Amino acid sequence: MAFDLFLLEVIVTGLLAGVMYALVALGFVLIFKASGVFNFAQGVMCLFAALTLAGIMEKTGWPAWVAIPLTIGVMIALAWLIERLVLRHLINQDPIILFMATIGLAYVLEGSGDIIWGSDVKVLDIGLPQGAVDWLLDTHNFYIEKLEIFAAVIAAVLVGVLAIFFQKTRIGRALRAVADDHQAALSVGISLRTIWVIVWSVAGIVALVAGVVWGTKSGVQFSLSLIALKALPVLILGGFTSIPGAIVGGLIIGVGEKLAEVYMGPLVGGAVENWFAYMLALAFLLIRPQGLFGEKIIERV
Amino acid sequence: MFYRETGQFKTNYADDQAIFPIAQDRWGIYIILGLAFLAAPLIMDDYWGNAILIPFLIYSLIALGLNILVGYCGQISLGTAAFMAVGSYASFKLMTSFPGLDFTIVVILSGLMTALVGMMFGLPSLRIKGFYLAVATLAAQFFLIWLFNKVEWFYNYSATGQISAPERTAFMFPVTGPSASVLYKYYFCLCIVVITALATKNVVRGRIGRSWMAIRDMDIAAELIGVRPVYAKLSAFAFSSFLIGMGGALYFGVWLGAAEPTEAFGIDQSFQILFMVIIGGLGSILGAFLGAGFLWLLPIVLKNFMVDMLGLSTAFSEHMQVIIVGALIIIFLIVEPHGLARLWQILKEKMRLWPFPH
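Residues numbered from 1 in each chain as written. Chains lettered and ligands numbered in written order. Predicted model: local features only at pLDDT ≥ 70, side-chain atom pairs only at ≥ 80, totals over all residues. Heavy atoms only, no water.

Focus on the pattern of salt bridges
Under the counting rule described, the total for this entry stands at four salt bridges over all chains. Note that Arg88 of chain A is salt-bridged to Glu83 of chain A, the shortest N-O span being 3.2 Å. The partly exposed category is assigned to Arg88 of chain A, whose relative accessible area is 22%. For Lys348 of chain B, the salt bridge is made with Asp25 of chain B, and the minimal N-O distance between the two is 3.8 Å. Taken together, the residues Lys348 of chain B in helix H15 (residues 339-353) and Asp25 of chain B in helix H2 (residues 23-43) connect sequence positions 323 residues apart. Lys348 of chain B gets classed as buried once you look at its relative accessible area, which sits at 17%. (Salt bridge = Lys/Arg side-chain N within 4 Å of Asp/Glu carboxyl O. Buried < 20%, exposed > 50% of the residue type's maximum accessible area, 1.4 Å probe, protein only. Helix = DSSP H or I, 4+ residues; strand = E, 2+ residues; numbered from the N terminus.)

Below you can see the structure in the form of structure tokens.
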């Protein structure tokens with residue numbers, strides 16, 4: 001019994017870690033669908049958003065409900081700047097060129113975040129619940145953090161809101177049209193530039209949510225931007241263009257990583273977590289390159 | 001005015017197919033080589049050697065290797081640092097297992113070892129490309145570094161987990177270890193870099209090189225005209241890893257002297273080299289040198305300028321460097337996607353017509 005409970009605990013912890021990966025991967029998918037840009041800077045955007053929020057609260061002492069809209073404003077301004085200064089000039093370039101441009105963007109954001117707000121580890125406390133769930137710990141000796149459950153709820157709500165936004169609103173339809181076919185969307189009068197600003201803003205807001213949750217958990221610091229790299233295997237598993245794929249992929253990677261760490265780690269010396277996700281993705285690529293929910297790419301000669 | 005090929009007639013095929021068919025190019029190379037071999041030693045001291053010239057040469061070699069893969073064959077790789085690590089650890093094991101072995105042979109064998117590992121991680125490239133391949137090479141990055149951290153055999157069970165280079169000689173001159181003189185180290189790196197650069201220049205214009213470029217430009221079309229993708233891609237991975245592995249052996253053995261996997265071969269290192277290739281110019285030998293020089297010297301110049309002349313704090317100037325490098329990459333991708341090498345080419349074309357551009 002005790003063993004089963006332990007297994008369950010590992011799985012639940014993995015699932016909740018997976019939610020975090022999924023949150024980051026979600027931002028990737030949004031941008032990739034709408035503009036075909038693989039946004040490497042998504043992880044740094046999380047860092048930047050969390051830094052800005054923590055910085056505003058620290059410097060001005062304003063409460064979270066003032067600072068959060070302000071940060072959202074900053075992220076929207078950032079999206080506009082990125083479109084204006086970078087993307088607009090790179091239309092019609094190879095995807096790989098755009099990818100490298102976002103690596104450059106990641107450096108710029110990282111450096112500016114550090115210069116503006118300082119590079120020390122920041123504590124982000126906007127009043128999210130913390131500590132273990134007492135009831136489960138008392139009755140079943142089962143350890144789960146409140147924050148992680150909260151993150152799962154937030155992720156669920158976020159996905160719900162995004163789904164409604166994409167299916168029901170006018171802008172959402174335009175976004176889906178652009179994702180389907182740039183040319184056709186342009187010809188029915190959808191402005192690509194506006195759409196890009198919107199989609200980068202949405203990705204910025206998703207980054208803020210992910211950044212806040214991660215930041216509350218382990219402090220706002222540079223390592224936050226590294227989860228962007230973890231989101232890559234998540235995307236490969238889920239498919240680059242699928243929002244449900246990002247969620248499911250995130251969960252699989254999260255659980256797989258924790259299970260591998262617990263059961264395989266002791267055999268080979270630990271720290272399997274560092275590379276397990278990539279190897280899993282690599283193995284997966286050989287079997288099903290388009291991912292679980294991705295669109296199959298058919299090459300014509 | 002001076003750069004024109006008027007009056008340079010080729011009377012046989014050997015002349016026509018020379019590496020540098022234009023006389024001015026040839027003289028330029030002789031002058032650069034002369035400066036590198038004869039003039040550089042005159043100003044050589046510990047600072048110039050260890051902080052500027054030797055790392056520049058080593059990074060050029062590694063950037064050249066990555067350029068084969070990314071610039072010539074079109075396969076993106078984010079795992080360069082891991083392949084450098086393979087070269088470093090191979091050279092470390094060889095140096096400690098066979099103390100009498102000449103360091104030149106150690107470097108070459110390390111390169112070959114890395115080529116094998118590179119081919120192994122290049123296998124997925126036969127099925128996937130683009131971002132997917134980038135993730136596959138990320139797997140190499142994280143897995144190999146983890147391996148070098150965990151398996152104690154690789155660092156000879158040392159307590160710190162570090163590897164440090166013992167003293168070894170190349171052609172009777174000590175080139176590694178703490179007591180080797182900067183001058184020997186510099187000459188050793190220079191010889192290796194010059195020879196490999198010339199060899200690479202020849203390889204890329206030969207049959208293999210042309211098949212790489214065919215794959216890069218359009219893989220399906222290349223397959224139709226008879227280029228075998230398996231051979232082309234794997235040979236690109238092997239050749240590129242060979243150069244990167246040799247660079248890694250020099251990086252650890254000659255330059256650093258001691259290394260620890262997560263510090264010296266992190267993912268940042270991989271990006272740094274990718275940037276050298278992009279800024280220098282994808283698909284250009286000259287570009288690898290220009291990019292390595294630019295990205296290696298830029299932080300030094302910026303640091304000197306901002307800290308010493310403007311009196312800014314070190315932390316601020318470090319962040320500023322990150323921003324400037326990032327911005328430069330974006331600017332290069334927008335303005336001149338073919339990098340510094342292309343700028344040099346444009347300059348040469350302009351010079352041919354100068355002073356009468358019409």
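Quick notes on H15 of chain B
Residues and elements named next belong to chain B. In this model, H15 (15 residues) spans 22 Å end to end at C-alpha, consistent with the 21 Å of a helix rising 1.5 Å per residue. Turning to H15, its buried residues are Gly339, Leu340, Ala341 and Lys348. On the buried face of H15, the contacting elements are H2, helix H12 (267-280), helix H13 (285-309) and helix H14 (314-335). (Expected span 1.5 Å × (residues − 1). Contact = heavy atoms within 4.5 Å.)

Quick notes on unusual backbone geometry
Residue and element names in this part refer to chain B. A positive phi is found at Phe171, a non-glycine position, where the angle reads about 50°. In this structure, Met172 is a non-glycine residue whose phi angle is positive, near 75°. Here Met172 is to be found in the loop between strand S2 (169-170) and strand S3 (173-174). Given a relative accessible area of 75%, Met172 falls into the exposed group.

Considering the interface of chain A and chain B
Contact with chain A, which involves 46 residues of that partner, is made by 38 residues of chain B. Our count for the chain A to chain B interface comes out at zero salt bridges. The interface formed by chain A and chain B includes zero residue pairs in polar contact (both at pLDDT 80 or more). Of all the elements in the fold, those that place two or more residues in the side of chain A that touches chain B are helix H4 (95-117), helix H10 (227-238) and helix H12 (273-287) of chain A. Top contributing element to the side of chain A that touches chain B by residue count: H4 of chain A, with 15 residues. (Polar contact = N/O pair within 3.5 Å; in protein donor to acceptor, adjacent residues only side chain to side chain.)

Quick notes on a nonpolar patch on the surface
Together, Met120, Leu123, Leu126, Val230 and Tyr231 of chain B make up a nonpolar patch on the protein surface, roughly 490 Å² of accessible area in all. Looking at the secondary structure, you find Val230 of chain B in helix H10 (residues 229-256). (Patch = residues over 30% accessible without salt bridge, like charges linked within 9 Å, V, L, I, M, F, W, Y side chains within 5 Å. Areas by Shrake-Rupley, 256 points an atom, 1.4 Å probe, with all protein chains shown as cover.)

Digging into helix H7 (residues 170-180) of chain A
All names here are of chain A. Of the positions making up H7, those classed as buried are Gly172, Ala174, Leu175 and Val178. Projected down its long axis, H7 shows its buried positions confined to an angular sector of 160°, all on one face. With respect to the buried face of H7, the exposed residues turned more than 90 degrees away are Arg170 and Asp180. A side-chain oxygen of the first residue of H7 lies 3.0 Å from the backbone nitrogen of Gly172; this N-cap is Thr169. (Arc of directions from axis to C-beta.)

Note that every value here comes from positions in space, so none of it alone points to a role or purpose.
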